[in-house]
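One-letter residues, chain by chain:
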Amino acid sequence: MAAPRMSRKHCFLCSYPPPMQELLTSRLLSHYCSFSVEKNLKQELNDIDKLSVERVDELSELFLEDFKNGQLDQRGWPIEKGPSAYRVSKALVNAYTRVLAKKHTSLRINCVNPGHVNTDGNFHTGDLTVAEGARGPVTLALAPREGPTGAYFDGTEEASFV
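Residues numbered from 1 in each chain as written. Predicted model: local features only at pLDDT ≥ 70, side-chain atom pairs only at ≥ 80, totals over all residues. Heavy atoms only, no water.

(A) Looking closely at the overall build of the protein. Scanning the protein from N- to C-terminus turns up five helices and four strands. If you list the helices and strands of the protein from N to C, you get α-β-α-α-α-β-α-β-β. In the protein, of all internal contacts separated by at least 6 residues, the share reaching a separation of at least 24 is 63%. For the protein, the exposed area adds up to about 9900 Å²; of that, 56% sits on carbon and sulfur atoms. (Helix = DSSP H or I, 4+ residues; strand = E, 2+ residues; numbered from the N terminus. Contact = heavy atoms within 4.5 Å. Areas by Shrake-Rupley, 256 points an atom, 1.4 Å probe, with all protein chains shown as cover.)

(B) How the structure looks around the pattern of salt bridges. Taken as a whole and judged by the stated rule, the model has two salt bridges. For the salt bridge of R55 with E44, the shortest nitrogen-to-oxygen distance reads 2.3 Å. With a gap of eleven residues between them, R55 in helix α3 (residues 53-68) and E44 in helix α2 (residues 39-46) connect regions that are remote in the sequence. On the accessibility criterion, R55 (22% relative accessible area) is partly exposed. A salt bridge links R55 to E58; its shortest N-O distance comes to 2.8 Å. On the criterion of helical spacing, the pair formed by R55 and E58 is a turn pair, its members being three residues apart in helix α3. Connected through shared salt-bridge partners, E44, R55 and E58 make up one network. (Salt bridge = Lys/Arg side-chain N within 4 Å of Asp/Glu carboxyl O. Buried < 20%, exposed > 50% of the residue type's maximum accessible area, 1.4 Å probe, protein only.)

(C) Spotlight on the side chain of D66. Within the secondary structure layout, D66 lies in helix α3. By relative accessible area, which is 6% here, D66 ends up buried. Setting aside its immediate chain neighbours within four residues, D66 contacts Q71, L72, R75 and W77.

(D) Summary view of the packing of aromatic side chains. The tally for this structure, following the rule as stated, stands at two aromatic pairs. An angle of 80 degrees between the planes, with centres 5.1 Å apart, marks the rings of F63 and W77 as edge-to-face. With a gap of 14 residues between them, F63 in helix α3 and W77 in the loop between α3 and α4 (84-103) connect regions that are remote in the sequence. We note that F63, like W77, is buried. In textbook terms, an aromatic cluster arises when at least three aromatic residues are bridged by ring pairs, as seen for F63, F67 and W77. (Phe/Tyr/Trp six-rings, centres within 6.5 Å; stacked < 30°, edge-to-face > 60°.)

(E) Spatial organisation of the environment of R108. Along the chain, R108 falls in strand β2 (residues 108-113). Within the structure, the side chain of R108 is placed 2.8 Å from the backbone oxygen of T105, a separation counted as a polar contact. For R108, the side chain forms a polar contact with the main-chain oxygen of G147, separated by 3.2 Å. (Polar contact = N/O pair within 3.5 Å; in protein donor to acceptor, adjacent residues only side chain to side chain.)

(F) Representation of the nonpolar core. L45, L51, V56, W77 and L92 are the most contacted members of the largest nonpolar core, which has 18 residues in total. Going through the elements one at a time, α2, α3 and α4 are the ones with two or more residues in this core. Not counting residues up to four positions away in its chain, the partners in contact with L51 are E44, L45, V56, A95 and V99. (Core = buried A, V, L, I, M, F, W, Y, C linked by side-chain atoms within 4.5 Å.)

(G) Structural context of helix α5 (residues 130-141). Spanning twelve residues, α5 covers 16 Å between terminal C-alpha atoms, matching the ideal 16 Å at 1.5 Å per step. When α5 is considered as a whole, its buried residues turn out to be G133, G136 and L140. The arc that holds the buried residues of α5, viewed along the axis, is 55 degrees, so those residues lie on one side. Opposite the buried face of α5, at more than 90 degrees from it, the exposed residues are V130, A131 and R135. (Expected span 1.5 Å × (residues − 1). Arc of directions from axis to C-beta.)

Have a look at this one:
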């Protein structure tokens, strides 16, 4: 069986053919990290009826252009509380996850924030063990077929995206 094709912009959860989707246990999770984005961007990313893959791509391209031109602040992108590119990329991954969930209703596609897990990636500043951080993703991966989709989970609890 051939590996799934991955586009430059959608390097995760891409275009598995329908038979493969069923083989993947009908569950896709994207890792989420807490962040805050400016009000207009929050509103746009929260409007699932208007969100599309194309719009997520456009927002990504707009951010990159504004970043290159030093216009993040003037254009309302988040610039405080951590690296802007990381925070925007997480917001766009979450938006894309919601678009996928809306498009592929037979799959369970969700975002999960495992919490601040103590790992090498954060220089061991996290307050949760790896086992504690895995609780949310594992719970969602083992959820029943009729479980949630298009949702955001903070650990094991469903929460608001914004």
